[in-house]
Amino acid sequence: MPTAKRLKRDAKSKSRNAEPRPTIADLEGESEFAQLARQHWLKTTRRATKVKVKNEVLKRDIWDVLEKDGFPYKLLLVLEGLQTLESYLWPGYSEDSSNFHVLLIVLLTNVKARERLETWSIFEDRPAQFSSLFTRILSMSLDQTLSLAIRTHLLSFIIHAFQSLDWASVRKECAPLVSIGTWYNLSTESKRESKLGQTPQLRKAWKAAGKRYESADDETKARLRFERAWLYALTLDFLRLIYDEGRKEDHVLYCERFVEFVSDLLSQLPTRRYVNTLLQDLHILPALRLSLMFNDEDNGLLRDQCSLLSHYAHFTIDDQTGVQYARTEAYDRHCAELAKLQRVAIRHFKDKLTVLALSNYGSIDKRSELENLLEALTDEEIKRLATLLELRTEYPDSVKVSIDRPFLMEVLLSTYEKRNTFQEVARDMSIVPTEDSLFDQGLLRTDNYDGSKPLALPKLKLQYLSVGDFLWRALVLYRCESFYGIRRDIGDTLRRLRPESKRPGETTFAGFSRMALPISRPSILEVVPALVGDDKPSAVNAEISLDVRRLADNIRKEWDSLRPDDVVFLVAVDASSSKAISNGGTHTISEAQRLGLVSVRTAEIAQIMDDKGKSIRDPTAYFNGQNRSPARKIQLRLDPKTYKKDMDRTSRGKPDVYERINLIIRRSSRENNFKPVLESIRSLCLSEVPLTSWLHENFLGYGDPAGATYKHLPNRIGTLDFRDTFLDWQHLVESLPGKTIEPGDDVTSSFGPPYVLETVDKPPPEEQAIKPSKKRRRDAEPTLVAEIETYKVSTYKPPNTGPYPVDAPKLNSVRFTPAQIDAIISGTQPGLTVIVGPPGTGKTDVATQIINNIYHNFPEQRTLLIAHSNQALNQLFAKIVALDIDERHLLRLGHGEEDLDTDGSFSKHGRVESFLGIRDRYLQEVNRLAASLGAPGAHGNSAETAGYFNSVYIQPAWAKFTEVAKADSSAADIIQAFPFHSYFSDAPQPLFPPESDRETVLDITNGCYHHVSKIFSELEDVLPFEILRRDRDKANYLLTNEARIIAMTSTHAAMRRTEIASLGFHYDNVVMEEAAQITEVESFIPLAMQKPKDGQMALQRVVLCGDHYQNSPVIQSLAFRHYANLEQSLFSRFVRLGIPVITLDQQGRARPSIAALYQWRYSNLGNLPHVESRREFQTANAGFKYEYQFINVPDYKGNGEAEPVPHFIQNLGEAEYAVAIYQYMRLLGYPASKITILVTYAGQRALIKDILSHRCGNTALFGFPKIVTTVDKYQGEQNDYIILSLTRTSRVGYLRDIRRLTVALSRARLGLYILGRREVFEACYELRPAFELLLQRPDKLTLATGEMWPSERIQAEEDGTTIPGETIMEGVEHLGQFVYEMAATKIKQLQAELGLPETDGSGKETLEPIAEDDEVGYVGMSDEEADGDIVPDAGIEVGDT
């Protein structure tokens, strides 16, 4: 591990590169802005008075200070943290406000957007003023007298607005700017007419816009003229700027923002529909490519943005209907454009363009060929040709850009050249990294992303152009994010290895990393020739040798855990080249050069062999044997495409890449699944796999938001058996409030479960006498018709399943709430169900019951069960196993199944073994059954012989009995005729109770036969496993034919999608747990894991359970997380789109007082009765006055937070305090398993673990808590008592994301003790509702001494009173001394009880009180943490907020 000195130097160098952030001193101290805030809007005496904004204060005290230093981001953050926007600028805004007032609102809104804070809700209270503000911003964005820096801020505001179209107030202002009115600015009337003639809807929309203008008053006409000309004017100004020879850095940044803006417009159908035509008419892409700015070598970002803009502008989609063209359709349209060119050429330029007119399409759609053919035309003829083709030939004079011959030639070439479709781009995209792709400039830009500049990355948004467009974006972003992680890991590994060179050409490694081993050059074993029609080898096989003799046992086992198909990286490192470069001059070098990295090649493991070349199937078991050689040989599959390029480079005289490879690097398995996931996304992108039709529009973000819910689908099921969902009649009535419940025709009063609910169709209402207007205002909502649903309820007698206790069905015991019942009904019906489950509201129970209902109502259907993590899947699976679902129909794919607390084995291979175990058990039953019937022969030898036994003996015997039963026989006669008395002699007796009537006897006999027939049906299912010989065939048969509930993580689904779909796997339903934590592409893949039948997907139900108010998917890079919005989940996007959700509204996890800390985040979250009535929720926590408390922790040893390694944040005072509270609780008798310590940063977790091992590890008196982990890792978990360390003391940090705070506060059931710096969190606007509650209590830990766990005190009786033994802890040293004395007393007591002599030294180190000179200090990042454990979901703060 690097020394502390080295760690601190690294941290400082890192912080120098990061933009400074405001500290608590800037917000609470005597800074200029803090004093201004206290004087004008953060006054201590608050009264409900109207805010009056003084212009001189805005101008002199705020604007001039910001402008003087170029609007530094730190000062803007200070103003934002002081609530300037929400408490001063917006409340004081009016139409008469100054421009400085408007610009300050823009600046602070941009800060909120950049920090990912709630923005538009601030403006919701005054829609008229917001409309006025927005109009002024639009006008100012065109004002050329303003500096480009200010106009860039204005444009950033507009970009953010167009990314927030889910807000009605924002949508209302943005929609007119991209409406059909923009077509007034097309170059010619004829072009507009030809565009309007494409569809009747366009002509109709154009006429409607004209009528709206003609009927408007003068003021409205002026507004309409401004709206339709705004984008046109903004684009013309952009064209002027890119050709301006006097450009500065501000020019470039503004133009980059503008290209981002128009790319955003073209990437969503509602904003693209008319804008794309206008931008193409203005030749924005040809103009950009020819501009001075574009061709400046320093503007690589602008060139990359231009490529992205070109992708969207030419995306193969109908701009009006949104239909994506197939590859053949796209080519046909391209050919139609070429035909138009040829017709014009032959008609008007026959002498010069005859060759062009008569050539085939393939020879004229290439840029070079077309350019040669057009060279014959003069300048005037080129211009005339463009005019005839309805291409713009001049700009307004204000643009100062002349459309000359080179410009028009570029326009013609770019219009008619053939472009690769997005599928072809995806097909050619490499999904394995090399040094070129890892250190590509476009990817390197993301390293330092802070929101100040745009990036050339596609964004995940509310809406997509098509499913193909979504998959293309996902492929690009997932690839970039994967390469970012790989580059980071390789860089970390090389820094640990410390390559050095003592002689040229020789590299040694002075350091060590557990993730890398030096190797000699790989041997190329085989290059398989290319397939027909391909130019690259079909396979390239290589071999390397590993020597693990110097590795510690635990690290050697990690290397031995490598498996076939795992990805490793072959790296060439030349430290001498690094030294030569670093000594060569002052020019900037890349990280790769500095570390001496020369090349990176990706390889997949084909097989692992011992030193003699013998293949090993289970390396871990093999190498754990005795006398095994430390040498291993690994055969690898190299990427054929990369290998061909390498060989081509070598043939041109370049060095052989593979000769220089001297290192192999591996990654942890949980991070190294990028290749199969990328292959799955790419295969979907290239395929024509459709999304199920009923979900298609909602997925893309269009159409009726409720269109996919069951009430709007034609296949709604009228009658459903809800079995054990309702516990009794009262529960049924309570669960369906506002609905009419009618007993069925055959009953007249209430009755018990099971209940079958039939929806009673109401006759359609009579039509209104007044014909409704066909017009609909843009912001009007459709009228909702109140309709009372009616259910007809019936019941039935459940069939007898057998006489043994194990035959009894397992029934649900949860008394579901009305909201939960609503979710269960919706999820059981076909269609889309989105369930929002706040903490503790039982969404897992709801999902389980939905699966149970589907399983029993639709026995022919199969359900795919998806969760974000193995942990969540295990919880869900354990609850499914507890219901009446046959275990042979359950299948679990992937890892994590070993953590299930059940007796069965539900992994795929385990299920095969389980089937064979079932076979043996049932064959024994067959033998017993044969003996009871006196049937000679080996009937229980196999499932096949058992089947013959069933058809020869059992079925005839039952048929004979049935004849007796059908006759008018008495109960005694039926009992006498029953053929299986002997077999059921071990069942609970008497089998037939005395005095049983005929119906009862028949019911018992049917139950007995059900038990017998189940034996043979189970054996019939086992029969294929006797026939199939290969394990793989058995496992695949199980997946495709036998299992009805198939569970896997979203990552496993993404990795194995192609393999599973190729097996012919089909399913009908998808239930997704923790859906708000699953990335959008990983949510999509489970919807497309089967091949379509007759062009349609068989999918009938999609149930998404999650909570968008808790943590989002984990994305490592800030650029991909925030700019590209890769953290967006399908669940959260559906919520934003307004798709109907069912919100569970009663929590049953925590004390009501603890739940109140996060209930403000949810509109109607109440408490279940048991959290108020059960004694455990009423009883106080032993030893504590309060059940929850915020404890202010001042500086400890003169320090607050520390950062020994970048982003590895620690707080020694809070760590000591957390451990001391834990020790105190253990001394009172609290079970360690009921205590969890949560932290907000991985560095704090490492520090607390270190202190725990120092203070608690040597004695059973304390032991260790159940877990010490980060808040992010603990989502979905709970414990009785939580100790939470907030860690930060300079600023709030990432907890300002309220989703994380919600998770942190909602993990505790009975006790929550929060350690933090009061002034830091108290001042945060977003966290105010929670901290106002927390800080109503003292911020010093208040104990109740003199009692042991569990307490007998009632918590509610003590509120506001002094309790016996009340003691206040003044700080961590005070609590430490208190715990020390308690522990010493406890040890003496135990010694006396056990009759042991007292010892002075026993446990001395463990029981030392916390003191100022304590030896426990900050800890550095361990090798394990650095090599994969430290990722943002572990609490790492990237781009600290």
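Residues numbered from 1 in each chain as written. Predicted model: local features only at pLDDT ≥ 70, side-chain atom pairs only at ≥ 80, totals over all residues. Heavy atoms only, no water.

Participant: How should the overall build of the chain be read in this particular structure?
Facilitator: The secondary structure content of the chain amounts to 58 helices and 32 strands. For 1441 residues, the compact-globule estimate of 2.2 N^0.38 gives 35 Å, and the chain sits close to it at 36 Å. Expressed as lengths along the three principal axes of its C-alpha atoms, the size of the chain is roughly 110 × 85 × 85 Å. Looking at the chain residue by residue over its 1441 residues, the buried ones come to 55%. A sequence separation of at least 24 residues applies to 78% of the contacts in the chain between residues at least 6 apart. As displayed, the chain has an accessible area near 63,000 Å², and 49% of this comes from carbon and sulfur atoms. (Helix = DSSP H or I, 4+ residues; strand = E, 2+ residues; numbered from the N terminus. Rg over C-alpha atoms; globule rule 2.2 N^0.38 Å. Buried < 20%, exposed > 50% of the residue type's maximum accessible area, 1.4 Å probe, protein only. Contact = heavy atoms within 4.5 Å. Areas by Shrake-Rupley, 256 points an atom, 1.4 Å probe, with all protein chains shown as cover.)

Participant: I keep staring at the side chain of Thr1079 and nothing clicks. Help me out?
Facilitator: Examined against the element boundaries, Thr1079 turns out to sit in the loop between β19 (1069–1073) and α45 (1080–1084). Judged by its relative accessible area of 13%, Thr1079 is buried. In this structure Thr1079 touches Pro1113, Ile1115, Leu1126 and Gln1128, once residues within four positions along its chain are discounted.

Participant: Honestly, the pattern of salt bridges in this entry has me stumped. Any pointers?
Facilitator: Opposite charge on two side chains permits pairing when their charged atoms draw close. The tally for this structure, following the rule as stated, stands at 90 salt bridges. Across the salt bridge formed by Asp450 and Arg114, the nearest N and O atoms sit 3.8 Å from each other. Here Asp450, found in the loop between α26 (441–444) and α27 (467–497), pairs with Arg114, found in helix α7 (residues 99–114); they are 336 residues apart in sequence, far enough to count as distant. Glu227 is paired through a salt bridge with Arg223; the nearest N and O atoms lie 2.9 Å apart. You can see Glu227 and its partner Arg223 sitting in helix α13 (residues 218–242), four residues apart, about one turn around the helix. Given a relative accessible area of 11%, Glu227 falls into the buried group. Connected through shared salt-bridge partners, Arg116, Glu1127, Asp1272, Asp1297, Arg1299 and Arg1300 make up one network. (Salt bridge = Lys/Arg side-chain N within 4 Å of Asp/Glu carboxyl O.)

Participant: Just to check I follow, could you spell out the confidence of the model for the chain for this structure?
Facilitator: On average, residues of the chain score 88 in pLDDT, and 90% of them reach the 70 mark or higher. Within the model, pLDDT remains below 50 along residues 1–17, and this stretch shows 15 contacts once partners closer than five positions in the same chain are excluded. Overall, residues 582–588 carries pLDDT values under 50, and its contacts beyond four positions in sequence, including any with other chains, amount to zero contacts. (pLDDT = per-residue confidence, 0-100.)

Participant: So what exactly am I meant to see when it comes to the sheet that holds strand β13 (residues 756–759) here?
Facilitator: For sheets, the rule is that strands pair by backbone hydrogen bonds, running either parallel or antiparallel. If you trace the four strands from one edge of the open sheet to the other, you get β11-β13-β14-β12, paired in mixed fashion. Two strands bound the open sheet, and with one partner strand each, they are β11 (719–721) and β12 (740–743). For this sheet the average axis-to-axis angle between neighbouring strands, irrespective of direction, equals 25 degrees. Direction of pairing for β12 relative to strand β14 (residues 790–794): parallel, over a ladder of four bridges. Bridge pairing links Thr740 to Thr790 in β14. (Pairing = 2+ DSSP bridges. Axes fitted to C-alpha atoms, helices over the stretch in contact; angles between N-to-C directions.)

Participant: Mind showing me how you'd approach the sheet that holds β19 here?
Facilitator: The seven strands lie next to each other as β17-β18-β16-β19-β20-β15-β21, forming an open sheet whose pairing is parallel. Every other strand in the sheet has two partners, leaving β17 (890–892) and β21 (1142–1143) as the edge strands with one partner each. Relative to strand β20 (residues 1101–1106), strand β15 (residues 831–836) runs parallel, the two sharing six bridges. Following the sheet pairing, Gly831 is matched in β20 by Arg1101.

Participant: Can you help me understand empty space enclosed by the protein in this one?
Facilitator: Here the idea is plain: a probe the size of a water molecule rolls over the atoms and shows the empty space left. Using the criterion set out here, one finds eight cavities of 30 Å³ or more in the structure. Roughly 230 Å³ of volume is contained in the largest cavity. If you go around the largest cavity, you meet 16 residues; those closest to its centre are Leu27, Gly81, Arg1291, Val1292 and Arg1296. For the lining of the largest cavity, the secondary-structure elements that each account for two or more residues are α2 (24–28) and α5 (73–81). When residues of the lining of the largest cavity are assigned to their parent elements, the largest contribution, three residues, is made by α5. (1 Å grid on protein atoms, 1.4 Å probe; cavity = no way out; pocket = protein on both sides within 12 Å on 5 of 7 lines; lining within 4 Å. Points joined across faces, edges and corners; volume = space filled by probe spheres on them.)

Participant: Would you mind going over the nonpolar core with me for this structure?
Facilitator: Note on soluble globular proteins: their nonpolar side chains tend to be buried together. Counting 235 residues, the largest nonpolar core has Phe261, Tyr395 and Leu832 as its most contacted members. Here this core gets 16 residues from one element, more than from any other, and that element is α27. Contacts of Tyr395, omitting those with residues within four sequence positions, involve Leu236, Leu239, Leu282, His283, Ala287, Val401, Ile403 and Phe407. Core analysis: the next-biggest nonpolar cluster, separate from the first, contains 50 residues, Ile1221, Met1225, Cys1256 and Val1419 among them. (Core = buried A, V, L, I, M, F, W, Y, C linked by side-chain atoms within 4.5 Å.)

Participant: Got a minute to help me understand the packing of α7 against helix α9 (residues 148–162) in this structure?
Facilitator: Two measures define how a pair of helices packs: the angle their axes make with one another and the distance between the axes. Taken N-terminus to C-terminus, the directions of α7 and α9 make an angle of 55 degrees; their axes are 9 Å apart at the nearest point. Of the possible angle classes, the one that applies to α7 and α9 is oblique. Viewed along their axes, α7 and α9 form a crossing whose handedness is left-handed. Along the contact surface, α7 presents Leu103, Val106, Leu107, Thr109, Asn110 and Ala113, while α9 presents Ile150, His153, Leu154, Ser156, Phe157 and His160. In the contact of α7 with α9, the residues fall into seven nonpolar, five polar and no charged. (Parallel < 35°, antiparallel > 145°, perpendicular 65-115°, else oblique. Left-handed = near helix turned anticlockwise from the far one by under 90°. Nonpolar A, V, L, I, M, F, W, Y, C, P; charged D, E, K, R; others polar.)

Participant: Just to check I follow, could you spell out helix α17 (residues 300–313) for this structure?
Facilitator: Each full turn of the α-helix corresponds to 3.6 residues, which orients residues three or four apart in the same direction. The end-to-end C-alpha separation of α17 is 20 Å, in line with the 20 Å expected for 14 residues at 1.5 Å each. α17 sits mainly inside the fold: 11 of its 14 residues count as buried. All of the buried residues in α17 are Gly300, Leu301, Leu302, Gln305, Cys306, Leu308, Leu309, Ser310, His311, Tyr312 and Ala313. Where α17 is buried, its residues meet α14 (249–266), α15 (269–281), α16 (284–290), α24 (422–428) and α27. (Expected span 1.5 Å × (residues − 1).)

Participant: How do you make sense of the packing of aromatic side chains when you look at a structure like this?
Facilitator: Each pair of aromatic rings is reported with the distance of its centres and the angle of its planes. Counted by the stated rule, this structure contains 55 aromatic pairs. Relative to Tyr1230, the ring of Phe1184 lies with its centre 6.5 Å away and its plane at 70 degrees, an arrangement referred to as edge-to-face. Of the two residues, Phe1184 sits in the loop between α50 (1175–1178) and β24 (1188–1192) while Tyr1230 sits in the loop between α51 (1212–1227) and β27 (1235–1239), which places them 46 residues apart along the sequence. Ring plane angle 25 degrees and centroid distance 4.3 Å describe the contact between Phe1184 and Tyr1313, whose orientation is recorded as stacked. A residue pair is termed long-range when its members are at least 10 positions apart, and Phe1184 in the loop between α50 and β24 and Tyr1313 in strand β30 (residues 1308–1316) qualify at 129 residues. (Phe/Tyr/Trp six-rings, centres within 6.5 Å; stacked < 30°, edge-to-face > 60°.)

Participant: Just to check I follow, could you spell out unusual backbone geometry for this structure?
Facilitator: Apart from glycine, the bulk of residues carry a negative phi angle, and the bulk of peptide bonds sit in the trans form. The omega torsion across Pro753 and Pro754 is 5 degrees, close enough to zero to call that bond cis. The omega angle of the peptide bond from Gln989 to Pro990 is -5 degrees, so this bond is cis rather than trans. Topologically, Pro990 is positioned in the loop between α41 (971–977) and α42 (998–1027). The residue Phe71 is not glycine, and still its phi comes out positive at about 55 degrees. With respect to the helices and strands, Phe71 occurs in the loop between α4 (55–68) and α5.

Participant: Please clarify how the state of the cysteines should be interpreted in this entry.
Facilitator: When the sulfur atoms of two cysteines share a covalent bond, that bond is a disulfide. According to the stated counting rule, one finds zero disulfides in the structure shown. The closest cysteine sulfur to the non-disulfide-bonded Cys306 is located on Cys255, 12 Å from its own sulfur. (Disulfide = S-S within 2.5 Å.)

Participant: It is not clear to me how the environment of Asn1164 should be interpreted in this structure. Could you clarify?
Facilitator: Along the chain, Asn1164 falls in the loop between α48 (1152–1159) and β23 (1166–1167). Expressed as a C-alpha distance, the spacing of Asn1164 and Thr1143, which sit 21 residues apart in the sequence, is 8.9 Å.

Participant: Please clarify how helix α36 (residues 818–828) should be interpreted in this entry.
Facilitator: With respect to burial, α36 is a largely interior element, nine of its 11 residues being buried. For α36, the set of buried residues is Ala819, Gln820, Ile821, Ala823, Ile824, Ile825, Ser826, Gly827 and Thr828.

Participant: When you look at the packing of α13 against α14 in this model, what are you seeing that I'm missing?
Facilitator: At a minimum axis distance of 10 Å, the contact between α13 and α14 shows a crossing angle of 140 degrees. Judged on the interaxial angle alone, α14 and α13 are oblique. Judged by the sense of rotation from one axis to the other, the crossing of α13 with α14 is left-handed. Across the interface between the two elements, Trp230, Leu231, Leu234, Thr235, Asp237, Phe238, Leu241 and Ile242 of α13 pack against His251, Tyr254, Cys255, Phe258, Val259, Phe261 and Leu265 of α14. Grouping the amino acids of the contact of α13 with α14 by side-chain chemistry returns 12 nonpolar, two polar and one charged.

Participant: Explain the environment of Gln1275 to me, please; I cannot follow it from the model alone.
Facilitator: Summarising the element assignment, Gln1275 is placed in the loop between β28 (1267–1270) and β29 (1279–1285). A relative accessible area of 11% means that Gln1275 is categorised as buried. Residues Gln1275 and Lys366, 909 residues apart in the sequence, show an inter-C-alpha distance of 55 Å. Excluding anything up to four places from it in sequence, Gln1275 contacts Gln871, Glu1074, Gln1077, Gln1110, Asn1111, Val1303 and Arg1307. A polar atom in the side chain of Gln1275 sits 3.1 Å from the backbone nitrogen of Asn1111. (Polar contact = N/O pair within 3.5 Å; in protein donor to acceptor, adjacent residues only side chain to side chain.)

Participant: It is not clear to me how the pairing of β30 should be interpreted in this structure. Could you clarify?
Facilitator: With nine of its nine residues buried, β30 lies for the most part within the structure. Two elements, β24 and β30, share five bridges in a ladder whose sense is parallel. Its bridge partner lying in β30, Gln1189 is registered against Tyr1313. In this sheet, β30 lies alongside β29 in parallel orientation, the contact comprising six bridges.

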